[in-house]
Amino acid sequence: MDQDFSVAGAVDGDHVTVIVTGEVDMATADVLFSTATPPDAAAATVDLRGVSFFDSAAIHALTRLAEHYPSGRLTVFPSSRVLRVLEISGLAGQPWLKPDSAGAAE
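Residues numbered from 1 in each chain as written. Predicted model: local features only at pLDDT ≥ 70, side-chain atom pairs only at ≥ 80, totals over all residues. Heavy atoms only, no water.

A. Spatial organisation of the overall build of the protein chain. On a plain count of helices and strands, the protein chain comes out with three helices and four strands. Counting helices and strands in the order they occur from the N terminus, the protein chain gives β-β-α-β-α-β-α. Relative to the compact-globule value of 13 Å for 106 residues, the protein chain shows a C-alpha radius of gyration of 12 Å, a close match. By its C-alpha atoms, the protein chain is 30 × 30 × 25 Å across when sized along the principal axes. Working note: accessible area of the protein chain is about 5500 Å², and carbon and sulfur atoms make up 50% of it. Distance between charge centroids for the protein chain: 7 Å, based on 6 positive and 14 negative side chains. (Helix = DSSP H or I, 4+ residues; strand = E, 2+ residues; numbered from the N terminus. Rg over C-alpha atoms; globule rule 2.2 N^0.38 Å. Areas by Shrake-Rupley, 256 points an atom, 1.4 Å probe, with all protein chains shown as cover. Lys, Arg positive; Asp, Glu negative; His and termini not counted. Charge placed at Lys NZ, Arg CZ, Asp CG, Glu CD.)

B. A look at the pattern of salt bridges. On inspection of all chains with the given rule, the structure shows four salt bridges. Ionic pairing is found between arginine 73 and aspartate 14, a salt bridge with its closest N-O pair at 3.5 Å. With a gap of 59 residues between them, arginine 73 in the loop between α2 (56–68) and β4 (74–78) and aspartate 14 in the loop between β1 (6–12) and β2 (15–24) connect regions that are remote in the sequence. For aspartate 14, a relative accessible area of 39% corresponds to the partly exposed category. In this structure, the salt-bridge partner of aspartate 30 is arginine 64, at a minimum N-O distance of 3.4 Å. Within this pair, whereas aspartate 30 is found in helix α1 (residues 29–36), its partner arginine 64 is found in helix α2, the two being separated by 34 residues in sequence. Overall, aspartate 30 belongs to the exposed group, its relative accessible area being 53%. By relative accessible area, which is 27% here, arginine 64 ends up partly exposed. (Salt bridge = Lys/Arg side-chain N within 4 Å of Asp/Glu carboxyl O. Buried < 20%, exposed > 50% of the residue type's maximum accessible area, 1.4 Å probe, protein only.)

Take a look at the structure:
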């Protein structure tokens, strides 16, 4: 796993908050997904503002999270780099994406 990657999840009731930093790629995307889907979690907030690299495996992890959590139960705060990748991939208009906070931790 990438030495610059870190992920931490905290569960409060049925809500999990996940903070990710570093590179989310083929080696780390599954860790992001599993951290964001603990048993009994019905909602998730994923903070990607500290992410410096985001590839197609990371995009896949996000789309899996969007499928896992029903409408309105997923919130994702992207870094400006993550937002750019999601724009290029056509996912920037997703309701779970909250780009107003992008770039805060770059």
